[in-house]
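# Structural overview for review
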Amino acid sequence: MLGRVGYYHTSNIFSSRTNAVNDGLIFTGLTLAVKPFKIAPKTYLNGSIDGNIIRYNDQSEFDYNQVRFNLGIYQQLTNKMYGEIGWNNQQLFYSRNGDRFNFAAGDKFLNENSFRLSVGRRDLLAPKLNLDSFYEIRLSLTNPPEKRNRVINYVWLSLNYSLQKSLRVGIDYQFNLSNFLERNREDQYHRISSKLRYRMSELNSISLQSGFTLGGSTDRNIDFDGWFFSVNYSWDLGQF
């Protein structure tokens, strides 16, 4: 059982081209994760259930709750590389009535099933410096909302340096390319950030991240340009 609380702030929280809204989100949540179960040499089955409460600073009408289910098969390919296939379900529910947009507390506004194939690698560049690289292709099927089924290509690079045993700094780069299946839309998203992670003990840690996002869409209402920062605290609540 893992707990977390965090804050995320961005200059364009709804990714709007014409009306960028500067706002922040407060996250609190729990994760119940199953210890990886060995099903073959170097092959493991893992799963988790997440529950999160998400609240806006200013746009409180859109406060929501999140439930996620995750199941994956992990394969160690080499000493440096691994692969995984998996399934994820995400459901989002409004937490309060929306008078302007005519929705009620408890209404589900997203039900997403994702099927993924991923590969990752860690390279030691120096005694305290490592590079993590990750690629994933994901099929996302949603209902609601309608006509948001898409294929997502995701690339993540992370350069990390250990200042001391409990303190790490790094630079991350993330790229998403989303191709919608039922309409002519393509989204491109870049995210570059610096980060700091401090492990306070074996049971808890705090992390800070700040950077900017770039990108756009063939949908003229969408624009991903902006800046962001986040702070997160997580702790291990124990094993059962």
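The sections below set out a description of the structure shown in this document. All residue numbers here refer to positions counted from 1 along the written sequence of the relevant chain. Per-residue local features are limited, in this predicted model, to residues with pLDDT of at least 70; the limit for side-chain atom pairs, both in listing and counting, is 80 or more; totals at the level of whole chains, interfaces and linings are taken over all residues. As a rule here, side-chain values come from all non-hydrogen atoms in the structure, and water together with hydrogens is ignored.

### Concerning the packing of aromatic side chains
- Only centres within 6.5 Å qualify two rings of Phe, Tyr or Trp (six-membered ring in Trp) as a pair; their planes then separate them into stacked at under 30 degrees, edge-to-face at over 60, and tilted for everything else. Following the criterion strictly, the structure yields 16 aromatic pairs and no others.
- On the numbers, 5.8 Å between centres and 40 degrees between planes, the contact of Phe14 with Tyr56 is tilted. With Phe14 in the loop between β1 (2-10) and β2 (23-40) and Tyr56 in strand β3 (residues 43-56), this pair connects stretches of sequence that are 42 residues apart.
- For the ring pair Tyr94 and Phe103, a centre distance of 3.7 Å and an interplane angle of 10 degrees mean the geometry is stacked.
- Residue Tyr94 is classed as buried on the basis of its relative accessible area, which comes to 16%.
- Classification of Phe103 as buried rests on a relative accessible area of 11%.
- One aromatic cluster is present, built from ring pairs that chain together Phe14, Tyr56, Phe62, Tyr64, Tyr94, Phe101, Phe103 and Phe109. Working definition: helices are DSSP H or I runs of at least four residues, strands are E runs of at least two. Numbering for both runs from the N terminus. Type-normalised accessible area, obtained with a 1.4 Å probe on protein chains alone, sets the label of each residue: buried when under 20%, exposed when over 50%, and partly exposed for intermediate values.

### Details of the sheet that holds β3
- Strands sit in the order β1-β2-β3-β4-β5-β6-β7-β8-β9-β10-β11-β12 around a closed barrel of 12 strands; the barrel is antiparallel. On average, each strand axis in the sheet is inclined to that of its neighbour by 20 degrees, with strand direction left out of account. Strand pairing is assigned whenever DSSP detects at least two bridges linking the two strands. Only the contacting stretch of a helix is used when fitting its axis, a line to C-alpha atoms as for every element, and angles between N-to-C directions run 0 to 180 degrees.

### Some thoughts on the pattern of salt bridges
- Take a side-chain nitrogen of Lys or Arg and a carboxyl oxygen of Asp or Glu: if they are within 4 Å of each other, that pair is a salt bridge. Evaluation of the coordinates by the stated rule reveals 11 salt bridges.
- Where Glu61 meets Arg100, a salt bridge forms, and the shortest distance between an N and an O atom there is 2.7 Å. Residue Glu61 is located in the loop between β3 and β4 (64-76), and its partner Arg100 is located in the loop between β5 (81-94) and β6 (108-126); the two are separated by 39 residues in the primary sequence.
- Arg100 gets classed as exposed once you look at its relative accessible area, which sits at 58%.
- Residue Arg138 is joined to Glu136 by a salt bridge in which the shortest nitrogen-to-oxygen separation is 2.4 Å.
- Classification of Glu136 as buried rests on a relative accessible area of 8%.
- Through salt bridges with shared partners, a single network forms among Lys80, Arg121 and Asp123.

### With respect to the side chain of Asn176
- As for its position among the elements, Asn176 is in strand β9 (residues 167-180).
- Assessed through its relative accessible area of 13%, Asn176 is described here as buried.
- Nitrogen and oxygen atoms within 3.5 Å of one another constitute a polar contact, given that in protein one can donate a hydrogen and the other can accept it, and given that sequence-neighbouring residues count only through two side-chain atoms. Among the polar contacts listed, one links the side chain of Asn176 to the side chain of Gln174, at a separation of 3.0 Å.
- A contact between two residues is defined here by any heavy atoms of the two lying within 4.5 Å. Beyond its immediate stretch of four places on either side in the chain, Asn176 contacts Ile152, Asn153, Tyr154, Asp187, Gln188 and Tyr189.

### A short note on the environment of Gln188
- Of note, Gln188 is situated in strand β10 (residues 186-199).
- On the basis of relative accessibility, which here comes to 35%, the residue Gln188 falls in the partly exposed class.
- Between the C-alpha atom of Gln188 and that of Gly215, which follows or precedes it by 27 residues, the distance is 5.3 Å.
- Dropping the residues within four chain positions of it, Gln188 is found in contact with Phe175, Asn176, Leu177, Leu214, Gly215, Gly216 and Phe224.
- A polar side-chain atom of Gln188 sits 3.3 Å from a polar atom in the side chain of Glu186.

### A closer look at the environment of Met81
- Looking at the element boundaries, Met81 is found in strand β5.
- Not counting residues up to four positions away in its chain, the partners in contact with Met81 are Gln76, Val119, Gly120 and Arg121.

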